[in-house]
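# Summary of structural features
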Amino acid sequence: MRRVFQEKSHTAGVESTACTSDSTMFLLKLLVTFMSVFHSSTKNTDLHAYLHGDVIIGGLFPVHQKTNRTTDPGPINCTAFDIQVFLRTQVMIYSIQEINQRMPRLLPNLTLGYDIYDTCGDVTLAIRATLQLLKDQSDPQRCLIPASINFAFPEPETKVVIGETFSEVSIAVARVLALPSVTQISYASTSEQLSLKSKFPTFLRTVSSDKHQTQAIYELVKNFSWRSVAIVGSIDGYGKFGTDSLQQLFDDNNICVDFVEILPDTFVKNCSTATDLVKKIGNSTAEAIIMFTQEANVHIILEAVIEKNLNRTWIASDAWSTSSTISEIIGIESIGPVFGFIFRQKEVPGFQDYVTSMFNGTTNNILSYYQVFTNSSKDDMKCNCKNKTSDLRCLYCYIDHDESYNIYMAVQVIAEGLRILLKCNNQSCERTKFTAIELFHVIRNINITVNDTNIYFDENGDPSLGYDILFWNTSESKEGVEKIKIGEYWPNKTISFDKDLSQWRTTGNVSVFNCSRTCQPGQRRELQRGKCCYGCVNCSSHEYSNGNDTFCRQCEPHQYSPEDHRNTCVNKTEEFLEWSDPFSIILIMTAAIAIIATAVIAIVIGLNCGTPVVKAIGGYLCYVEMASLLLGFCTTFTFIGKPTPRSCVGIPVFGISFSLCISCILANLIQILLGFSFDPRVGSKIKKLNHPVAVVAIIAGVQLGVSLAWLIALPRLPSIEQKELTILYQCNMCEESKKFFAATIVYNSFWGLVCFVFAFKGRQLPDIYKNAALISVSMVLFLIIWIVFLPIYLTLEGKYKPAISSAAVLVSCISILGCHLAPKCYIMLFRKEINNHNAISEYIRKHYERKDLSVISS
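Right, let's walk through the structure included here. (Residues numbered from 1 in each chain as written. Predicted model: local features only at pLDDT ≥ 70, side-chain atom pairs only at ≥ 80, totals over all residues. Heavy atoms only, no water.)

## Here we look at the environment of Glu307
- Take Glu307: it is sitting in helix H8 (residues 295–307).
- The spacing of Glu307 and Gly331 is 24 residues in sequence and 8.8 Å in space, taken between C-alpha atoms. (Helix = DSSP H or I, 4+ residues; strand = E, 2+ residues; numbered from the N terminus.)

See the structure below:
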């Protein structure tokens, strides 16, 4: 049973001379030194019973179940005294005494002694106890350490050891006992790992391997025609090896495993693992829940199951199938039927009478400890076993019939092995001296019947013992659970039942494994609420199905399946900013009006060429400005319709047109500042910049170079994005192309900001046409538009992303047309009285008179 500690094994040959390699001897010396130090720092770990005899049998029992061991070093205390394990130590003592007192004598002129230690279920304490057992026969005061690493091991005083309970501990002990070739017989360690003779050559056991138990569980599931199970194991070797074996058996035999839960070492009540596991059990469609883990873990799980009022069918491993601690949980009868496996149960002959007689007046240190621990007396034996939970001193109520009998058989096997080895008859034994390895070889090949139980060991050291199948009956007793035997299992894979169990058998028509198997076209079968129940799930929009399949077929990339017809595929709708879209119509109409307005303004300016107002807006540069605005308005149309290589040039072309427009405005602002600035120092600086053609050529030329490089090196091309129901067409922009986009926006924004600074600086100049102030407004609008546009453009997805770009271009151009050129057109048409030099001179004179400055008129 039950816990296994995984560690790298070393092989010890079963020879009369022990392993003499340097590494092995160094390991043992190191182990002894460590255990000596460890021993000096422990408390309450010295529960130990010893009886001298001609042959000493060692015993390792977890009388205490827990220690206070933490991650920090320090003294160790043993806790959780287990009455059943205490009684098992007394079974060993009783069996040895029975052999010593048997008449006629089984071993004439020889007496058996014992050396029993409490391991507290702890690997380290068990190793320490093992090293105590391996005393040098010729010098019991020292441990079994050769004088030199080149010498063989001295003969140990203890020739055979019974124990341990937990597989984890037995593995560690078996590695140590293999060095001097001392036989180890476990009464409860069931891990399959211990069957590996290359790792554990002197290990034997009087309990079946988990290999047989997992096969027995499979046979039970098969017998009941269950098609789905769930498995709960634990990270220790008992749970992990058993779970793996079960899972493999079920997979090989087409039985569905709904889920497998491996509990960690840190599994405690109310932990997240426990909560999640109970939810899994509640949602599972499994017909049986197999609990192949330690009793303590099962206790936590079933308490939570009772609290959640869950009712399932359970299969118990030998670790808890007869546990009174679990069967006495309040409300346990509500969890549903429980089937369990336990080693073939037999009663140790005469042991109950021995206990009720207070051990016939015999005593040993472990018994004395119990009597002090409980203040026990003969009055303690007068109690009702049904109420034993109220009085822990009702010892005979705690006698088990599985592990106790295995211990009893182990003692009988040892005694019979000694009788054969020493060639004893009823009067005497021919030999009195023997070695541990000789005893092992005899025991290894023994074949005897103890009462009516035949026991022998196969090539793996495992006995050919079966299991009893139990059922927890709660219908006939309101005072607890009655564990009744309903059948047997033998290692030859035969299972038999004593009772009619037809009520538990299911057929394929009623098993939850058969739920919802037929699906309609457009659906697929999918496991629901676990791994073992199929439900019907609609295929997704890019899949279709013709019928009852476990998968959906993929549509072509340009197709999808309609929601109401998932059994066929249709072509996806092409998605782009169509010319008929309302947003497109608004953009087209706005761009058309802007183009017409630009043409009208150009005509008006042409008719008034040479007038002061035309000169005020840049003279011939205003024609370049209007041409750039027309180009900008025309780029609006490149964002509408299905993208083509030619239509994807919108943003680069807009960059050229707008930089040309801004350069004209900047040249105009320089002229205004130069014309109205009377500060010689400022005037000389501005005069250096008063080269309109150069300003326009340089500013527009840089952007022209950027846009041309963009269009040639990394042109924006049409791309196709497959969406669920549509195919989105748009102009792509790769990562490198985004750098050109950013450069265009930043460059034009920079010159827009420069224009704003110049215009803001000239807002107080005596300019009758308010050029600087109106340019300030247009530049502010431009900057605001692009600050708002960028986040929207970068985050928006879909067909309206080009529309946002088009709107930003339109508004930018309209802001300049409306603030810079349109007001001048108004003056030329409706305010002709100020479109002359006299009006300008008078305005300047009045401006400076208000500032108390004189003006020299020309």
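## Structural notes on the state of the cysteines
- In the structure shown here, the tally under the stated rule is five disulfides.
- The residue that forms a disulfide with Cys78 is Cys120, at a sulfur-sulfur distance of 1.9 Å. As the torsion about the S-S bond is roughly 100 degrees, the Cys78-Cys120 disulfide counts as right-handed. Placement of Cys78 in strand E4 (residues 78–81) and of Cys120 in the loop between strand E5 (112–118) and helix H3 (123–133) is noted, with a sequence separation of 42 residues between them.
- The partner cysteine of Cys555 in its disulfide is Cys569, sulfur to sulfur 1.9 Å. (Disulfide = S-S within 2.5 Å.)

## A closer look at the nonpolar core
- Among the nonpolar cores identified, the biggest contains 69 residues, and Phe86 and Met92 are the most heavily contacted of them.
- In this structure Met92 touches Ile57, Gly58, Gly59, Phe61, Tyr114, Ile116, Ile162, Ile407 and Val411, once residues within four positions along its chain are discounted.
- Ranked by size, the runner-up nonpolar core spans 60 residues in total, among them Ile670, Ala808, Ile816 and Ala839. (Core = buried A, V, L, I, M, F, W, Y, C linked by side-chain atoms within 4.5 Å. Buried < 20%, exposed > 50% of the residue type's maximum accessible area, 1.4 Å probe, protein only. Contact = heavy atoms within 4.5 Å.)

## What about a nonpolar patch on the surface?
- On the surface, Val780, Ile784, Val788 and Ile792 cluster together to form a nonpolar patch covering roughly 300 Å² of accessible area.
- Examined against the element boundaries, Ile784 turns out to sit in helix H21 (residues 771–795). (Patch = residues over 30% accessible without salt bridge, like charges linked within 9 Å, V, L, I, M, F, W, Y side chains within 5 Å. Areas by Shrake-Rupley, 256 points an atom, 1.4 Å probe, with all protein chains shown as cover. Salt bridge = Lys/Arg side-chain N within 4 Å of Asp/Glu carboxyl O.)

## Side note on the sheet that holds strand E13 (residues 288–291)
- Strands sit in the order E12-E11-E13-E14-E15-E18-E19-E20 across an open sheet of eight strands; the sheet is mixed. Edge positions in the sheet fall to strand E12 (256–263) and strand E20 (494–497), since each has one partner strand and no second. Each neighbouring strand pair of the sheet contributes to a mean axis angle of 25 degrees, computed without reference to strand direction.
- Direction of pairing for strand E18 (residues 467–473) relative to strand E19 (residues 482–490): antiparallel, over a ladder of seven bridges. (Pairing = 2+ DSSP bridges. Axes fitted to C-alpha atoms, helices over the stretch in contact; angles between N-to-C directions.)

## Observations regarding the pairing of E13
- Neither face of E13 is exposed, since Ala288 and Ile290 on one face and Ile289 and Met291 on the opposite face are all buried.
- With four bridges connecting them, strand E11 (residues 228–234) and E13 associate as parallel partners. For Val229, the partnering residue across the bridge sits in E13 and is Ala288.
- Relative to strand E14 (residues 314–316), E13 runs parallel, the two sharing three bridges. When the bridges of E14 are listed, Ile289 appears paired with Trp314.
- Handedness of the β-α-β unit built from E13, H8 and E14 comes out right-handed. (Right-handed = clockwise from strand over helix to strand, strands pointing away.)

## Quick word on the pairing of strand E17 (residues 453–456)
- Going residue by residue along E17, you find Thr453 and Ile455 tucked away on one face and Asn454 and Tyr456 left uncovered on the opposite face.
- Across four bridges, the pairing between strand E16 (residues 447–450) and E17 is antiparallel. Each residue of the ladder has a partner; that of Ile448, found in E17, is Ile455.
- Here E16 folds back onto E17, and the loop between the two strands holds two residues, one of which, Asn451, carries a positive phi near 55 degrees.

## Some thoughts on the sheet that holds strand E1 (residues 48–51)
- Sheet architecture is open: six strands sit in the order E1-E5-E2-E8-E9-E10, paired in mixed fashion. Each edge of the open sheet is held by one strand with a lone partner, namely E1 and strand E10 (203–205). The sheet shows a mean angle of 20 degrees between the axes of neighbouring strands, direction not considered.
- In the sheet, strand E2 (residues 55–61) pairs with E5 via seven bridges, with the strands oriented parallel. Residue pairing for E5: Gly58 is matched across the bridge by Asp115.
- On the sheet, helix H13 (residues 436–444) packs against strand E8 (158–162), strand E9 (183–186) and E10 and is oriented at approximately 40 degrees with respect to E9.

## Quick look at unusual backbone geometry
- Pro104 follows Met103 through a cis peptide bond whose omega is -5 degrees.
- With respect to the helices and strands, Pro104 occurs in the loop between helix H2 (83–101) and E5.
- Cis geometry marks the peptide bond from Gly163 to Glu164, where omega comes out at -5 degrees.
- One non-glycine residue, Lys423, lies in positive phi territory at about 55 degrees.
- Along the chain, Lys423 falls in the loop between helix H12 (403–421) and H13.

## Notes on the packing of aromatic side chains
- Overall, the coordinates contain 31 aromatic pairs when judged by the stated rule.
- Centroid distance Tyr94 to Tyr354: 4.9 Å. Interplanar angle 40 degrees. Geometry classified as tilted. Here Tyr354 lies in helix H10 (residues 351–356) and Tyr94 lies in helix H2, a separation of 260 residues in the sequence.
- When its relative accessible area of 3% is taken as the criterion, Tyr354 is described as buried.
- Their ring planes at 50 degrees and their centres at 5.2 Å tell us that Phe339 and Phe471 sit as a pair that is tilted. Note that Phe339 is positioned in strand E15 (residues 338–343) and Phe471 in strand E18, a separation of 132 residues in sequence.
- The positively charged end of Lys159 is found above the aromatic ring belonging to Phe434, 5.5 Å away from the centroid.
- When the ring centre of Trp472 is taken as reference, the NZ or CZ atom of Lys483 above it lies at 5.4 Å. (Phe/Tyr/Trp six-rings, centres within 6.5 Å; stacked < 30°, edge-to-face > 60°. Lys NZ or Arg CZ within 6 Å of the ring centre and 35° of its normal.)

## Remarks on the pattern of salt bridges
- One pass over the structure, following the stated rule, counts 18 salt bridges.
- Ionic pairing is found between Glu261 and Lys280, a salt bridge with its closest N-O pair at 2.7 Å. Of this pair, Glu261 sits in strand E12 while Lys280 is found in helix H7 (residues 272–283), placing the two residues 19 residues apart along the sequence.
- One salt-bridge network, in which partners are shared between bridges, spans Arg344, Asp468, Lys485 and Glu488.

## Comments concerning the side chain of Asn297
- In this structure, Asn297 sits in helix H8.
- Asn297 has contacts with Ser234, Leu263 and Phe267, leaving out every residue within four places of it along the chain.

## Description of the side chain of Thr119
- Topologically, Thr119 is positioned in the loop between E5 and H3.
- Ignoring sequence-local partners within four residues, the contact set of Thr119 consists of Leu60, Phe61, Pro62, Leu125, Ala126 and Glu164.

## Here we look at the environment of Cys536
- On the secondary structure map, Cys536 appears in strand E22 (residues 534–538).
- Overall, the relative accessible area of 31% leaves Cys536 in the partly exposed class.
- Between the alpha carbons of Cys536 and Arg525 there is a distance of 4.8 Å; along the sequence they are 11 residues apart.

## Overview of the packing of H3 against helix H4 (residues 167–177)
- Look at H3 against H4: their axes get within 9 Å of each other, and the N-to-C directions meet at 30 degrees. By the criterion of interaxial angle, the relationship of H3 to H4 is roughly parallel. The interaxial crossing formed by H3 with H4 has right-handed handedness. Along the contact surface, H3 presents Val123, Ala126, Ile127, Thr130 and Leu131, while H4 presents Glu168, Val169, Ala172, Val173, Val176 and Leu177.
- Class assignment for the residues of the contact of H3 with H4 results in nine nonpolar, one polar and one charged. (Parallel < 35°, antiparallel > 145°, perpendicular 65-115°, else oblique. Left-handed = near helix turned anticlockwise from the far one by under 90°. Nonpolar A, V, L, I, M, F, W, Y, C, P; charged D, E, K, R; others polar.)

## Quick notes on H8
- For H8, which comprises 13 residues, the first-to-last C-alpha distance of 18 Å matches the rise-based estimate of 18 Å (1.5 Å per residue) to within 8%.
- All buried positions along H8 are accounted for by Asn297, Val298, Ile300, Ile301, Leu302, Val305 and Ile306.
- Check the buried side of H8 and you find it contacts E11, E12, H7, E13, E14 and helix H9 (324–327).
- Asn309 sits one or two positions beyond H8 and adopts a positive phi of about 60 degrees. (Expected span 1.5 Å × (residues − 1).)

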